[in-house]
Amino acid sequence: MSRVSMFNSPLLLGFDQLERTLDRLAKNAEGYPPYNIERIGENGLRIVLAVAGFTTGDLAIELVESQLTVRGKQTDDTDRVFLHRGIAARQFQRAFMLADGIEVIGARLDSGLLSIDLIRPAAEPRIRTIRIDSGETTVGATNTVDITARRTQSR
């Protein structure tokens, strides 16, 4: 059985990278640790992860390209003898894809909650007029188009 793509419309051009990213995130959708995403003010966002038992030394936050990754790894205390262990010392990795322009402002750990603050700058409309060349060619002219030359000229 083949999978039907969300982006198979001929009107959606260049979204193949987005589709691969969504597929990768769906495969890594584990339920631990639980998290909230909150709107803070008009342009702010906050990701809050429940990381009870973790210290700042057990946690790492990394931003590569537009992927924000939070990792947690607790070390086992060998001096302690457990008669019952209901609180597991487990490691985790949680990834969030950030839209273009979203910036990480900071992070803090308080009462077992890791908060990561983000800001989304106000979107400015991008309007650009595209020049239309005529289809007429002069004698000896070629129909080859140099894309890189035109790209730098039109900006």
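Trainee: Whenever I open this one, the packing of aromatic side chains confuses me. Can you help?
Mentor: Each aromatic ring pair is specified by the distance between its two centres and by the angle formed by the two planes. If you walk through the whole model with that rule in mind, you get three aromatic pairs. Their ring planes at 85° and their centres at 5.2 Å tell us that Tyr35 and Phe96 sit as a pair that is edge-to-face. Remark: Phe96 occurs in strand E5 (residues 92–97) and Tyr35 occurs in strand E1 (residues 35–40); sequence separation between them is 61 residues. Judged by centre distance (5.3 Å) and plane angle (85°), the rings of Phe54 and Phe92 are edge-to-face. Here Phe92 lies in strand E5 and Phe54 lies in the loop between strand E2 (44–50) and strand E3 (59–64), a separation of 38 residues in the sequence. Taken together, Tyr32, Phe54 and Phe92 form an aromatic cluster joined through their ring pairs.

Trainee: Hey, could you run me through the layout of surface pockets in this one?
Mentor: Rolled over the atoms, a probe with the dimensions of a water molecule shows which regions are left empty. If you add up the space inside the largest pocket, you get close to 330 Å³. Taken together, 18 residues make up the lining of the largest pocket; nearest its centre are Gln74, Arg85, Ile87, Ala88 and Ala89.

Trainee: It is not clear to me how the pattern of salt bridges should be interpreted in this structure. Could you clarify?
Mentor: Any two side chains of opposite charge can pair if their charged atoms end up close together. Summed over the entire model, instances satisfying the criterion amount to four salt bridges. Note that Asp117 is salt-bridged to Arg46, the shortest N-O span being 2.5 Å. Of this pair, Asp117 sits in strand E7 (residues 113–119) while Arg46 is found in strand E2, placing the two residues 71 residues apart along the sequence. Under the relative-accessibility criterion, Arg46 is labelled buried at 19%. In this structure, the salt-bridge partner of Asp117 is Arg108, at a minimum N-O distance of 3.3 Å. One connected set of salt bridges, linked through shared partners, spans Arg46, Arg108 and Asp117.

Trainee: How should the pairing of strand E6 (residues 103–110) be read in this particular structure?
Mentor: Within a regular beta strand, the side chains point alternately toward one face of the sheet and then the other, so they alternate between its two faces. Summarising the sheet, E6 and E7 pair through seven bridges and their orientation is antiparallel. Each residue of the ladder has a partner; that of Asp110, found in E7, is Leu113. As consecutive antiparallel partners, E6 and E7 are separated by two residues, and within that stretch Ser111 has a phi angle of approximately 55°, a positive value.

Trainee: Help me understand the environment of Leu109 in this model?
Mentor: Position of Leu109 among the secondary structure elements: in strand E6. For Leu109, a relative accessible area of 28% translates into the label partly exposed. Setting aside its immediate chain neighbours within four residues, Leu109 contacts Val51, Phe54, Thr55, Thr56, Leu59 and Leu114.

Trainee: Could you clarify how one ought to interpret the sheet that holds strand E4 (residues 67–72) in this entry?
Mentor: Within a sheet, neighbouring strands are paired by backbone hydrogen bonds and run either parallel or antiparallel to one another. Overall, antiparallel pairing links the three strands, which are arranged E3-E4-E5 in an open sheet. The sheet is open, and its two borders are formed by E3 and E5, each paired with just one other strand. Pairs of neighbouring strands in the sheet enclose a mean axial angle of 15°, with direction left out of account. Where E3 and E4 come together, six bridges link them in antiparallel fashion. Residue pairing for E4: Leu59 is matched across the bridge by Gly72.

Trainee: Sorry if this is basic, but what is going on with unusual backbone geometry here?
Mentor: Of all residues except glycine, most have a negative phi; of all peptide bonds, most are trans. The phi angle at Glu65 is positive, at roughly 55°, despite the residue not being glycine. In this fold, Glu65 is placed in the loop between E3 and E4. A positive phi angle, close to 55°, is found at Ser111, a residue other than glycine. Position of Ser111 among the secondary structure elements: in the loop between E6 and E7. Residue class for Ser111 comes out exposed when judged on its relative accessible area of 72%.

The rules we used
- Residues numbered from 1 in each chain as written.
- Predicted model: local features only at pLDDT ≥ 70, side-chain atom pairs only at ≥ 80, totals over all residues.
- Heavy atoms only, no water.
- Phe/Tyr/Trp six-rings, centres within 6.5 Å; stacked < 30°, edge-to-face > 60°.
- Helix = DSSP H or I, 4+ residues; strand = E, 2+ residues; numbered from the N terminus.
- 1 Å grid on protein atoms, 1.4 Å probe; cavity = no way out; pocket = protein on both sides within 12 Å on 5 of 7 lines; lining within 4 Å.
- Points joined across faces, edges and corners; volume = space filled by probe spheres on them.
- Salt bridge = Lys/Arg side-chain N within 4 Å of Asp/Glu carboxyl O.
- Buried < 20%, exposed > 50% of the residue type's maximum accessible area, 1.4 Å probe, protein only.
- Pairing = 2+ DSSP bridges.
- Contact = heavy atoms within 4.5 Å.
- Axes fitted to C-alpha atoms, helices over the stretch in contact; angles between N-to-C directions.

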